[in-house]
Amino acid sequence: MAVCIAVIGKENSPKYISCINPSMELHFQYKVHVSLDVVEEKLQAVSKPIADVTKEQYLGLLYSTEEHKIYGYVTNTKIKFIVVVDSSNTLLRDNEIRMMFRRLHSVYADIVCNPFFIPGEVISSKKFDKTVKSIMYGD
């Protein structure tokens, strides 16, 4: 379903990147970092309304290329999740993308709640990696 999934920290530093094709990881890192500009623009546009308590975390389609569509999601703590999907996959709906992000956010929250996790460090959890692989392969 997804070809690349990334978790980006508050300061736009990568905390986790996984791709279906490891030889293309640098290519996807470039696409993920380019999408961060769009994320920042969307966050600034959302923060302008006064007292918007129910802020939408799902940012939707950030941008698309001929090969890929890139979607974004931001937590309340400004951790960003980026999912890159193959453009030829026309069966994937917006609701399914939202479910991917919900699963990622849930497993990320479990990792952060671990007393041995050091905030700001790179994510090296086997459980998180297993969940990401299941999202990428559509399990």
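Treat the numbers as computed from the prediction; the structure is a model and nothing was measured. (Residues numbered from 1 in each chain as written. Predicted model: local features only at pLDDT ≥ 70, side-chain atom pairs only at ≥ 80, totals over all residues. Heavy atoms only, no water.)

1. As for the side chain of Ser-87
Along the chain, Ser-87 turns up in the loop between strand S5 (80-86) and helix H2 (94-112). Side-chain polar atoms of Ser-87 contact the backbone nitrogen of His-68, separated by 3.1 Å. Setting aside its immediate chain neighbours within four residues, Ser-87 contacts Thr-65, Glu-66, Glu-67, His-68 and Lys-69. (Helix = DSSP H or I, 4+ residues; strand = E, 2+ residues; numbered from the N terminus. Polar contact = N/O pair within 3.5 Å; in protein donor to acceptor, adjacent residues only side chain to side chain. Contact = heavy atoms within 4.5 Å.)

2. Points about the layout of surface pockets
One number sums up the size of the largest pocket: a volume of about 240 Å³. As for the largest pocket, its lining consists of 14 residues, of which Lys-10, Ile-79, Tyr-108, Pro-119 and Gly-120 are closest to the centre. The class makeup of the residues in the lining of the largest pocket is 7 nonpolar, 3 polar and 4 charged. (1 Å grid on protein atoms, 1.4 Å probe; cavity = no way out; pocket = protein on both sides within 12 Å on 5 of 7 lines; lining within 4 Å. Points joined across faces, edges and corners; volume = space filled by probe spheres on them. Nonpolar A, V, L, I, M, F, W, Y, C, P; charged D, E, K, R; others polar.)

3. Examining the pairing of S5
Of all 7 residues making up S5, 6 are buried, and the element is well covered by its neighbours. Pairing geometry for strand S1 (residues 2-8) and S5, over 6 bridges, is antiparallel. The partner of Ile-5 across the bridge, within S5, is Val-83. As defined by bridge partners, strand S4 (residues 68-74) adjoins S5 across 7 bridges and the pair is classed as antiparallel. The residue bridging Gly-72 from the neighbouring strand is Ile-82, located in S5. Connecting S4 to the next strand, S5, in antiparallel fashion are 5 residues, including Lys-78 with a positive phi near 70 degrees. (Buried < 20%, exposed > 50% of the residue type's maximum accessible area, 1.4 Å probe, protein only. Pairing = 2+ DSSP bridges.)

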